[in-house]
Amino acid sequence: MPRSSSPGRGATRVLLYRLTYRVDDQVLALGPSPDPEDEHRHQWWEELTTELRPW
């Protein structure tokens, strides 16, 4: 997925990630780091983590 350029788009991507992987952690927006064996999920998690750092 392409990186977002606006906060609203980033928030939408985080919501999609949470819904897709059923993340229900109330503290960590993306939940704990996923297993690197799950390449797609881990890559998406790292992209979103990088996007969220400035916030």
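Residues numbered from 1 in each chain as written. Predicted model: local features only at pLDDT ≥ 70, side-chain atom pairs only at ≥ 80, totals over all residues. Heavy atoms only, no water.

Colleague: I'd like to hear about the overall build of the chain, residue by residue, with values.
Modeller: Helices and strands together make up the secondary structure of the chain, namely 2 helices and 0 strands. For the chain, the residues scored as buried account for 31% of the 55 residues in total. Taking all contacts inside the chain whose residues are at least 6 apart in sequence as the whole, residues at least 24 apart take part in 34%. On the chain, roughly 4,200 Å² of surface is accessible, and the fraction owed to carbon and sulfur atoms is 54%. (Helix = DSSP H or I, 4+ residues; strand = E, 2+ residues; numbered from the N terminus. Buried < 20%, exposed > 50% of the residue type's maximum accessible area, 1.4 Å probe, protein only. Contact = heavy atoms within 4.5 Å. Areas by Shrake-Rupley, 256 points an atom, 1.4 Å probe, with all protein chains shown as cover.)

Colleague: Account for the packing of aromatic side chains, naming residues and giving values.
Modeller: Applying the stated criterion across every chain, the model contains 3 aromatic pairs. Plain terms: the ring middles of Tyr-17 and Tyr-21 are 4.9 Å apart, the flat faces sit at 55° to each other, and that makes the pair tilted. Note on Tyr-21: relative accessible area 22%, which makes it partly exposed. Considering the side-chain rings of Tyr-21 and Trp-44, the 6.0 Å spacing of their centres and the 65° angle between planes classify their relative orientation as edge-to-face. Of this pair, Tyr-21 sits in the loop between α1 (7–20) and α2 (39–52) while Trp-44 sits in helix α2, and the two are 23 residues apart along the sequence. Pairwise contacts between aromatic rings join Tyr-17, Tyr-21 and Trp-44 into one cluster. (Phe/Tyr/Trp six-rings, centres within 6.5 Å; stacked < 30°, edge-to-face > 60°.)

Colleague: Just give me the short version of the nonpolar core, but keep the residues and values in it.
Modeller: Val-14, Tyr-17, Val-23, Leu-30, Trp-44, Trp-45 and Leu-48 together form the largest nonpolar core, which totals 7 residues. Listing elements by their share of this core, those giving two or more residues are α1 and α2. Top contributing element to this core by residue count: α2, with 3 residues. Beyond its immediate stretch of four places on either side in the chain, Tyr-17 contacts Val-23, Leu-30, Pro-34, Arg-41, Trp-44, Trp-45 and Leu-48. (Core = buried A, V, L, I, M, F, W, Y, C linked by side-chain atoms within 4.5 Å.)

Colleague: Any details on unusual backbone geometry? Residues and values, ideally.
Modeller: Located in the positive-phi region is Arg-22, a residue other than glycine, with phi close to 50°. When you line up the elements, Arg-22 lands in the loop between α1 and α2.

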